[in-house]
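Observations on chain architecture
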Amino acid sequence: MGMTMTQKILAAGAGLPKVEPGQLIEAKLDLVLGNDITAPVAIKEMDRFRKKGVFDKDKIALVPDHFVPAKDIKSAENCKCVREFAHRNKITNYFEVGQMGIEHALLPEQGLVSPGDVIIGADSHTCTYGALGAFSTGVGSTDMAAGMPTGKAWFKVPQAIRFNLTGKLSKWVSGKDVILHIIGMIGVDGALYQSMEFTGEGVASLSMDDRFTIANMAIEAGGKNGIFPVDEKTIEYEKAHGAEPGTVFTADEDASYVATYDIDLSQIKPTVSFPHLPENAKTFDEIPEIPIDQVVIGSCTNGRISDLRIAASILKGRHIAEGIRCIVIPATQKIYLKALEEGLIQTFIEAGAVVSTPTCGPCLGGYMGILAAGERCVSTTNRNFVGRMGDVTSEIYLASPATAAASAIAGRIADPTEY
Amino acid sequence: MKEARGTVFRYGDNVDTDVIIPARYLATSEPAELAKHCMEDIDRDFVKKVKPGDIIVASKNFGCGSSREHAPIAIKAAGVSVVIAETFARIFYRNAINIGLPIVECKEAAEEIKAGDTVSVNFDTGIITDETTGKTYQGQSFPPFMQQLIDAGGLIPYINSRE
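Residues numbered from 1 in each chain as written. Chains lettered and ligands numbered in written order. Predicted model: local features only at pLDDT ≥ 70, side-chain atom pairs only at ≥ 80, totals over all residues. Heavy atoms only, no water.

So, the nonpolar core
- A:Phe348 and B:Phe62 are the most contacted members of the largest nonpolar core, which has 125 residues in total.
- At six residues, helix H10 (residues 305-315) of chain A tops the list of elements feeding residues into this core.
- When neighbours within four sequence positions are excluded, A:Phe348 is seen to be in contact with A:Leu308, A:Ala311, A:Ala312, A:Leu315, A:Val328, A:Ala353 and A:Val355.
- Judged by nonpolar contacts, the second largest core, of 60 residues, contains A:Val113, A:Ala134, A:Val173 and A:Val296. (Core = buried A, V, L, I, M, F, W, Y, C linked by side-chain atoms within 4.5 Å. Buried < 20%, exposed > 50% of the residue type's maximum accessible area, 1.4 Å probe, protein only. Helix = DSSP H or I, 4+ residues; strand = E, 2+ residues; numbered from the N terminus. Contact = heavy atoms within 4.5 Å.)

What follows is the structure, encoded as structure tokens:
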């Protein structure tokens, strides 16, 4: 029996000719990531190790992005802890306010992820880098603490679910709609402990930004990782961002999958996940009129340039509905600058939106857009759990940037195809 | 013998890390401080009622969502001796083992044990006993490597012991 793409990467990382699902392996790490919430815990834990220092100062990425620019004194202390650790250990890839971005948009943009890499990050959305044909998965602070001095981590080799994509997305439909549709289909634990491997001729039509969004939310189905094959678009992206070529792995013809789902991209419609789970996915034929209070366009899921372009194309020449707050957050400084050059920022501000420096802030109820009791938000982020963005009685509706922009104009959850 | 014994707090499917420890408290990683807000957004009375040794029993996908280790840290620091669930989300599962919070997967126990029951868990045998109903359940055993991690008291002591 052959191996899946993920299994092949893990086998190579462990220096083994073959691995089996369920096998426990120790793999060498190509990158270890942490942020201002998780890295301080890891840094403190590292004091408990006999082995001191870091395994490779170029293979650790520290990105303060959650509560920065520091929202309060405790956050400032966390940032200081990360900053001092980075300086002390001469960490190459430490990104200070002003150079930083939301980690999962920033690392690929900086060319730090190559196909075939084995990556752990103390952030659940580390699975994003599967879009580039890498194995990457979220872990906790202790795994990060162990990865920094040793350059290794233990993994249980996962089984895989295959998503065979065909066709092309319709106008106003994007990667977000695809992944919300999939989570709606398989549930928030539908891929528990498993890889989600996206294959098929439909992959070629998906932009890299769409692939990042899809891989990013694998965790929302319980997945260990989400992964795409490497094709011309991947190679082009990697070249443009100065990444090492890496190693391209492909699944064996006779690889075994727990299940295969055929997904015709042309049939996917704008999709919204209702409170309080990402699996509560609905299309507009099932959505009544729901007035809203706030819209957030941004995050590691949907703060990339194509997300901002599609939102701006809907907001251009229109105005956000009275009483609605619309918060737009470009995911990195480069994306921000590009959006500025393309006139998108002007479009957002003229439409009545507020534009913020890159931060995870509102997505996890940190700051920059907390919801009051009973408020409703259409958000391009990734989780709509109880209290995630604020008060426990507030409600989050997950959607694509197009749907979010359309909703901001309408003042209710709105179908972008109306525009 | 390694054993847990306490009163059960009962929850359903998909208890996520945002309700276990809301992000508004993530600026600290101090266990005692996190414990004060444990389960706050799903059960406001939890911290008032929980006693050292008490047990959480939940259904599917416990600990889904964020990778925040603050979640198992908060539960452990609140005094919880073990979490029993039908399944755990994978990052929570790793984190719990890494920090030494005992967890047991057992579908039948997760289906039948009720809030307020007195339950004991023998970690050597994996046997869960509901002392209120008299029923026993066999929890899933861990692969040997994970059991070594657990026996060592977590990932860091385990790695230290190998060097």
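Focus: the packing of aromatic side chains
All names here are of chain B.
- With the rule as written, the count across this model stands at 14 aromatic pairs over all chains.
- An angle of 50° between the planes, with centres 6.3 Å apart, marks the rings of tyrosine 93 and phenylalanine 142 as tilted. Placement of tyrosine 93 in helix H5 (residues 90-99) and of phenylalanine 142 in the loop between strand E7 (135-138) and helix H7 (144-152) is noted, with a sequence separation of 49 residues between them.
- Judged by its relative accessible area of 12%, tyrosine 93 falls in the buried class. (Phe/Tyr/Trp six-rings, centres within 6.5 Å; stacked < 30°, edge-to-face > 60°.)

Considerations on the sheet that holds strand E4 (residues 93-94) of chain A
- An order of E4-E3-E2-E5-E6 (chain A) is seen for the five strands of this open sheet, with the pairing classed as parallel. Looking at the sheet topology across the chains shown, the edges are occupied by E4 and strand E6 (135-138) of chain A. (Pairing = 2+ DSSP bridges.)

Structural notes on helix H1 (residues 5-14) of chain A
Residues and elements named next belong to chain A.
- Buried residues dominate H1, accounting for eight of its 10 residues.
- Among the residues of H1, those classed as buried are Met5, Thr6, Gln7, Lys8, Ile9, Leu10, Ala11 and Gly13.
- On the buried face of H1, the contacting elements are strand E1 (24-28), strand E5 (118-121), E6, strand E7 (152-156), strand E9 (195-199) and strand E10 (225-227).
- Glycine 15 sits one or two positions beyond H1 and adopts a positive phi of about 70°.

Digging into helix H7 (residues 208-216) of chain A
- Where burial is concerned, most of H7(A) is hidden: nine out of the nine residues are buried.
- Listing the buried residues of H7(A) in full gives A:Met208, A:Asp209, A:Asp210, A:Arg211, A:Phe212, A:Thr213, A:Ile214, A:Ala215 and A:Asn216.

With respect to the pairing of strand E14 (residues 294-297) of chain A
All names here are of chain A.
- Of the two faces of E14, the one lined by Gln294 and Val296 and the one lined by Val295 and Ile297 are each fully buried.
- Strand direction decides the pairing type here: E14 and strand E15 (residues 325-328), joined by four bridges, are parallel. Note that in E15 the partner of glutamine 294 across the bridge is arginine 325.
- Bridge count for E14 against strand E17 (residues 376-379) is three bridges, and the pairing is parallel. Residue valine 296 lies in a different strand from E17, and its bridge partner there is serine 379.

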